[in-house]
Amino acid sequence: MNNKHIIIAGAGLGGLASALRLAVKGYTVEIIEKNAQAGGRLNQLIKDGYTFDTGPSFFSMSYIFEEFAKDCNIKLPFDYVALDPLYSVNFKNNPKTYYLYKDIHKLSAQFQDVEPNFETRIIKYLQKSGRLFHDTLGPVIKKNFDSLPEYLLSLMQVRAVHLPVLLRSFWKQVALNFSSKEARQIISLVSFFLGQTPFDTMAVYTLLSYTEFMHDGYYNVEGGMYKIVKGLLEELKKYHVKITFNTEIIEAVPKGNNVAYLVDRESKKWEADVFLINADAAVFRGKVFKRKRYSEERLDRMKWTTGYLTMYVGIKCKLPQINYHSYFLGNNFEEYANNILQNPEILEQPYYYVNVVSKHNTDCAPEGCESLFFVCPVPNLLYKPDWSDKEKIADSILEDFSQRIKFNIKPEVVSRTIYTPLDWQNQFNLHRGSGLGLAHNMRQIGYFRPPNYDEEYKNVFYTGASTIPGTGLPMVIISSDLACRRIFKYLS
Ligand SMILES: Cc1cc2nc3c(=O)[nH]c(=O)nc-3n(C[C@H](O)[C@H](O)[C@H](O)COP(=O)(O)OP(=O)(O)OC[C@H]3O[C@@H](n4cnc5c(N)ncnc54)[C@H](O)[C@@H]3O)c2cc1C
């Protein structure tokens, strides 16, 4: 048993995964969470007999979770099953639905009419993305950087042949490989996973195409995504990790080069030897540590990911015609994507994604019913602070969806909940309601992202989407490893 006491501020995936890594090493770990429930953005809503995952619905890069389990000497406390097809895509006024299979022949057959040599092209494209993935995962993504020279040295280990992908956009890289609008748009969709668009995402992230089509694919987490959180909570119980809910940290009191204690909204003091911050790494530095570099104005000048309008809909019928993960796109992809961050008007014809969670997880809806989760990327609060039109936007999505699936679901709706960027901001302290945290441009990745150690306090570290390596569940698991490595070093 180790007698050091570690407090984690935030029970999101980063906080929970770090707590387990630290607890298995014998440290006394305690978590303080602002909300009434663990999980952060990876959360759950139970309403009117329906169960919804409120944030992430795509489970990918399963091997990162398996590595985590191995590090903690446990079996992953949830099960997952490969999806096939991975997802489907429908374009407005086009009766065809594209099914994205992992089997390259089956996948290519979908594009036969619009891009006859799709198969040769996708193999070439994925081989390139695969090389990019394997050349960057070890030297850059899974690495802590202590100095700029060390970061630059790591970049130099990445083969020079990849240099052009640092300079061009995701869209450009895809357009160099595919000629049809259908192939280009579908292959580019994965860039939205970064909370950006293919036009403002660096081509280096085409490595995500390799992870989705070739390397690992997507899975259904049995029982829904929140089983990840429930499983982790069970493991943490075994180590007596205490979680205090409804407690928001608002202040820190230093002693020399260390933080002596954190203070919550009720003025309670939280003392520990080490503090690990799972709240957003940029926002916390600004709001709690009052750092000028992260003041409200400076945060506004950083680049943030899109906001999300999410809608949780319970219907009293089944929808067998809809795939588990389905995208519904319009006919103005480039204009839409280029305006989505700044122009609220564009929402009159929203693009959206639907997850039918109850399709593979029948307990999530009453018998004969379906739980639907809609996600629509929208401007964050910097560009659209007023969401009094949320019901109108939600209506237009349901109207469009009904037309696309040739079935009016509006009379079937028995439960409907909408979260706008205002809700995302208020629930999880996300800057301007930006759903995925800081964007991933050249100036906000690697050494230039808010680091996972504190600039002033030696006993403060960070884990989560806005520190290294970046956003999304697998990256957050890696971030817990990187932060804990720093803590182990500090405490030794
Ligand atoms: C709509 C949506 C869809 C997504 N879809 C996917 C997907 O399909 N696949 C995928 O891999 N990723 C997806 N993501 C991204 C993924 O959810 C995040 O990257 C990940 O959950 C972030 O985890 P985290 O631990 O960094 O932060 P969070 O989940 O935000 O956890 C931080 C925690 O800290 C708490 N907190 C904040 N401030 C304080 C404070 N001052 N005091 C105490 N507690 C505090 C918060 O309440 C929260 O519980 C999605 C995100 C959104 C919003």
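Because the structure is a prediction, the values reported are computed rather than measured.

Another point: the packing of helix H1 (residues 13-24) against helix H10 (residues 226-238). Following both chains from N to C, one finds H1 and H10 inclined at 25°, their axes separated by 10 Å at the closest point. One element, H1, and the other, H10, form an angle in the roughly parallel class. Helix-helix and strand crossings are classified by hand; for H1 and H10 the assignment is left-handed. Within the contact between the two elements, H1 uses Leu16, Ala17, Ala19, Leu20 and Ala23 and H10 uses Val229, Leu232, Glu235 and Leu236. Here the residues of the contact of H1 with H10 sort into 8 nonpolar, no polar and 1 charged.

To continue, consider the nonpolar core. Ranked by size, the top nonpolar core spans 145 residues in total, and within it Leu16, Ala19, Val354 and Phe374 carry the most contacts. With 9 residues, the single largest contributor to this core is helix H17 (residues 473-491). Residue-level mapping places this core at the junction of two domains, with at least three residues from each of domain 1 (5-40 + 223-300 + 441-491) and domain 2 (105-215). Discounting residues that sit within four places of it in the chain, Leu16 has contacts with Ala11, Ala38, Val229, Leu232 and Leu236.

Positionally, Arg21 belongs in helix H1. With 23 C-beta atoms packed within 10 Å, Arg21 lands in the buried category. When the C-alpha atoms of Arg21 and Arg485 are compared, they prove to be 9.6 Å apart, with 464 residues separating the residues in sequence. Excluding residues within four positions of it along the chain, Arg21 makes contact with Asp71, Cys72, Ser480, Asp481 and Cys484.

This next bit is on unusual backbone geometry. Residues other than glycine predominantly adopt negative phi, and peptide bonds predominantly adopt the trans conformation. Here Asp84 and Pro85 are connected by a cis peptide whose omega angle stands at 5°. On the secondary structure map, Pro85 appears in the loop between strand E6 (80-82) and strand E7 (87-91). At the junction of Ile468 and Pro469, the peptide bond is cis and its omega measures out at 0° in the coordinates. Take Pro469: it is sitting in the loop between strand E20 (460-462) and H17.

A separate point is the sheet that holds strand E18 (residues 370-378). The strands that make up a sheet pair up through hydrogen bonds in the backbone, lying either parallel or antiparallel. Pairing is mixed in the open sheet, where 7 strands are placed in the order E8-E7-E16-E17-E18-E15-E19. Two strands in the sheet have a free side with no partner beyond their single neighbour: strand E8 (97-100) and strand E19 (413-419). In this sheet, neighbouring strand axes are inclined to one another by 20° on average, regardless of whether the strands run parallel or antiparallel. Examined bridge by bridge, strand E17 (residues 352-356) and E18 share 4 bridges and lie antiparallel to one another. Its bridge partner lying in E18, Asn355 is registered against Phe373. Sitting on the sheet, helix H16 (residues 421-428) touches strand E15 (307-315), E18 and E19, and the angle it makes with E15 is about 100°.

Turning next to the domain arrangement of the chain. Partitioning the chain into domains gives domain 1 (5-40 + 223-300 + 441-491) and domain 2 (105-215). Domain 1 and domain 2 are separated by 30 Å when their C-alpha centres are compared. Facing the 12 residues of domain 1 at the interface are 11 residues of domain 2.

Our next topic: the packing of helix H4 (residues 118-141) against helix H9 (residues 207-215). Where H4 contacts H9, the two axes come as close as 8 Å, and the packing angle between them is 110°. As far as their axial angle goes, H9 and H4 are roughly perpendicular. Contact with H4, carried on its side by Tyr125, Leu126, Ser129, Gly130, Leu132, Phe133 and Thr136, involves Leu207, Ser209, Tyr210, Thr211, Phe213, Met214 and His215 of H9 and no other residues of that element. Counted by class, the contact of H4 with H9 contains 8 nonpolar, 6 polar and no charged residues.

Neighbouring residues of the ligand: 35 residues in total, closest Gly10, Gly12, Gly40, Ala279 and Gly464. Looking at the shell around the ligand, the elements with two or more residues in it are H1, E15 and H17. The element that contributes the greatest number of residues to the shell around the ligand is H1, accounting for 3 residues. Within the shell around the ligand, the residues separate by chemical class into 16 nonpolar, 15 polar and 4 charged.

Consecutive side chains along a regular strand alternate between the two faces of the sheet. As paired elements, strand E3 (residues 44-47) and strand E4 (residues 50-53) share 4 bridges and run antiparallel to each other. The residue of E4 that forms the bridge with Leu45 is Phe52. Between the end of E3 and the start of E4, which pair antiparallel, lie 2 residues, with Asp48 showing a positive phi angle near 55°.

What follows covers the environment of His360. Relative to the helices and strands, His360 is located in helix H14 (residues 357-360). The sequence separation of His360 and Tyr324 amounts to 36 residues, and the corresponding C-alpha distance is 7.7 Å.

Another point: H10. Compared with the 18 Å implied by 1.5 Å per residue over 13 residues, the 19 Å span of H10 between its first and last C-alpha is a close match. Residues of H10 that are buried include every one of Tyr226, Ile228, Val229, Gly231, Leu232, Glu235 and Leu236, and no others. Looking at the buried positions of H10, the neighbouring elements they touch are H1, E3, E4 and strand E9 (218-221). Just past H10, the residue His240 takes up positive phi, approximately 60°.

Calculation criteria
Residues numbered from 1 in each chain as written. Predicted model: local features only at pLDDT ≥ 70, side-chain atom pairs only at ≥ 80, totals over all residues. Axes fitted to C-alpha atoms, helices over the stretch in contact; angles between N-to-C directions. Helix = DSSP H or I, 4+ residues; strand = E, 2+ residues; numbered from the N terminus. Parallel < 35°, antiparallel > 145°, perpendicular 65-115°, else oblique. Left-handed = near helix turned anticlockwise from the far one by under 90°. Contact = placed C-beta atoms within 7 Å. Nonpolar A, V, L, I, M, F, W, Y, C, P; charged D, E, K, R; others polar. Core = buried A, V, L, I, M, F, W, Y, C linked by C-beta atoms within 7 Å. Buried ≥ 20, exposed ≤ 12 C-beta atoms within 10 Å, placed from the backbone. Domains from an automatic or database assignment. Pairing = 2+ DSSP bridges. Near = placed C-beta within 6 Å. Expected span 1.5 Å × (residues − 1).

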